[in-house]
Every structure is written in C-alpha cells, then in structure tokens.
Amino acid sequence: FVFEPIESCLCTAAGRGPGSLLDDMYAIGVTILTLLTGQVPCQGMSDEEVLEAKLSKGCYAALAQQARITLTVMEALRGLLNDDPMERWTLEDLGMWANGRRGSPIQQAVESRAARSYSFMNKDHYTCRELAQTMSENWDTAINIIRDGSVDTWLRRALGDDTKVNAMNEAKTVPADMDTDDNLVARSCIALDSAAPIRYRGFRACVDGFANVLAMHGESAATRNEFAQIMQYNLLGFWDECQPRTRVDYVGLYRDLRRGREVMARTNSGEGIERVIYDLNPHIPCKSPLIDPYYVIEMDQLLPSMETMA
C-alpha cells in the first residue's frame, strides 16, 4: 500500500487498473527511500493511517518523515513522489539526474489548505481531498452536509476556491429524476477531488479499473447494481468534465463502458452481466463452474476441456 500513489490508494485493490509508467516511477521513489533509510516507510502504520498522512501532508512528507536526506537525493525523491502524476519525474528525468544534472529540490505542490478546518465525523479537514475521502467513507451521513450547504460555505469563506465552489454547484445541478442522495454524494466527491477515482458506495475504481472490478466481483449483486447506477447517473461523464486535462486515452473505454450498461439490461441468453465481463476483459477465461479449472480462453480449447472432464 505504501508503494501506491494516492489515486491507487483510494481505490479498492481490484479497481486500481493496470497502472502506468508514472505509477512505477512513484514506486521507484519509495524504493529509493527504503534503501536509504533501511526500512519500508511508515512502519507500524495501518493502511488507513498511511492514506490519511498522504492526503494531509503530501506523499513526500508523509513517507520521508524525519529521515535525514541529502539535498542531492531529496531532489530526486521530491520529483518521483510528486502528488501530481503530470508533474512527477519520468524515466528520462531520473536518468539525467543519475548522470549528474543537479537543480534545486522541487517544492511539492501541495493542495490548498483552508484558513480554518471543516469538522465532519469528529475530524478536522483542511483540504478538499481529505473531506472527500471522509465523505466517501461515511456515505449515508455525507448527504446531510451537502444538502445543508455548509460545505459550500466552507469552500467559499475558509478556502476561497472559486473553482471548487463552481464544481460543487455543478455537482448539485441535476434533473429531478436524478436528484438522489447517492448521486449527489458521488458527484460531490468528484467535485471536491477530481483526481480521485470514481466512488459510489462500495465501488471505488479508476476508470481503467472498472473492468477488473466487474471481473472479480461481478457475481455480487451489490457490485452489479453500483456499476449500473454509475452508468445511469453518467458519473463517468461528470468525472471527465471535472478533469483539468482532456483524457483522450479514455475515449474508447468510455464507449465500451456505456455499451456495457445497455448489455446488462438484456435478459436473452448470452447477455447480461456475464457478457459485459467478457467484453471488457477479453483475456478472462470462461467462468462456467463446469470448466473453470481448465482455464478456457479460446473456443478451440473448449472441446478438449470437456473431453478431459468427461
């Protein structure tokens, strides 16, 4: 858990997706810090405590803590452990540093902190990311602070962030038939922390992790229903609108996921949730309990497996 960036930590294990090279660069940074200090960072802390420290202090401060680090290595660690994936060092940056290029240590671009805290669930929150995480963990209670307008007041007066205020207003601007508690909580979490994965009750996944969640937990009625609700409320579309940069790499995935919602509603043989799982996970084996032990991926493997079974 320590070696995962914040966005992955906010997902369930199945919802982290395949990851990217930038995630690997983050893990390299944690590895370097481990070798320097002789132990994995955050020893003795639970996953929840590690995540809370990352959200409140930033990854570098949460992991390095009181470790004595030279300025030379600090430059690399700050670059590799940058909270913003787009500002994180690439392999090329690390190679140039290893070959002798030196600069002043990068100052971590931490999230804006409010002048005064917002108290929710007996916790003081100074950043939007912290508040969004606590709301997602207390789903049924979070709707109260959304509907009473206290979050908007805090954003406007204590944080002074017009972008977040506008995002929250947009989150609550929905048609009457979609003005449900679950939809508003999910949209508000996105508005407060657009870099986080999509969270809807127990479903917490990056967009490219949706397929994995369905593959691993598609037999659960709760997972199927949460996926259907996410698609019905167009939370994918709202999440995409809130991104500071256009995610062109997700266009095809959006299309496949939307088609999945239509397929789930069909009751014919070969349709439904199983069809969605196979469509989104082309390399998953047949899940029939009859031939599950034989790991049948291609059609021409089916008959030999059935013959062996017979």
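Residues numbered from 1 in each chain as written. Predicted model: local features only at pLDDT ≥ 70, side-chain atom pairs only at ≥ 80, totals over all residues. Heavy atoms only, no water.

**Regarding the pattern of salt bridges**
Within the structure shown, the criterion is met by 14 salt bridges. In this structure, Arg147 and Asp179 form a salt bridge, with 3.4 Å as the shortest nitrogen-oxygen distance. Placement of the pair is Arg147 in helix α8 (residues 139–147) and Asp179 in the loop between α10 (162–171) and α11 (181–192), with a sequence separation of 32 residues. With a shortest N-O distance of 3.1 Å, Asp256 and Arg259 are connected by a salt bridge. In this pair, Asp256 and Arg259 are both assigned in helix α15 (residues 251–264), three residues apart and thus about one turn of the helix distant. Classification of Asp256 by relative accessible area gives partly exposed; the value is 25%. Put simply, Arg266, Glu271, Arg275 and Asp279 are held in one network by salt bridges that share partners. (Salt bridge = Lys/Arg side-chain N within 4 Å of Asp/Glu carboxyl O. Helix = DSSP H or I, 4+ residues; strand = E, 2+ residues; numbered from the N terminus. Buried < 20%, exposed > 50% of the residue type's maximum accessible area, 1.4 Å probe, protein only.)

**Looking at the packing of aromatic side chains**
Tallied over the entire structure, the rule returns seven aromatic pairs. Through a chain of ring-to-ring contacts, three or more aromatic side chains come together here, namely Trp139, Tyr200 and Tyr233. In this structure, Arg187 is placed above the aromatic ring of Phe238, and the distance from its NZ or CZ to the ring centre is 4.0 Å. (Phe/Tyr/Trp six-rings, centres within 6.5 Å; stacked < 30°, edge-to-face > 60°. Lys NZ or Arg CZ within 6 Å of the ring centre and 35° of its normal.)

**Overview of a negative patch on the surface**
Residues Asp47, Glu48, Glu49, Glu52 and Glu137 make up a contiguous surface patch of negative charge. Element by element, the count of residues in the negative patch is highest for helix α3 (residues 47–57), at four residues. Structurally, Glu49 can be placed in helix α3. Taking relative accessible area as the criterion, Glu49 reaches 40% and is therefore assigned partly exposed. (Patch = residues over 30% accessible without salt bridge, like charges linked within 9 Å, V, L, I, M, F, W, Y side chains within 5 Å. Areas by Shrake-Rupley, 256 points an atom, 1.4 Å probe, with all protein chains shown as cover. Lys, Arg positive; Asp, Glu negative; His and termini not counted. Charge placed at Lys NZ, Arg CZ, Asp CG, Glu CD.)

**Examining the confidence of the model for the chain**
Averaged over all residues, the pLDDT of the chain equals 91, while 97% of them reach at least 70. Per-element confidence in the chain ranges from a low mean pLDDT of 85 for α15 to a high of 97 for strand β3 (residues 198–200). (pLDDT = per-residue confidence, 0-100.)

**Observations regarding a nonpolar patch on the surface**
A grouping of Leu290, Tyr294, Met306 and Met309 is seen on the molecular surface, where their side chains present a nonpolar patch of about 370 Å² in accessible area. Locating Tyr294 in the fold gives a position in the loop between α16 (272–280) and α17 (302–309). On the accessibility criterion, Tyr294 (33% relative accessible area) is partly exposed.

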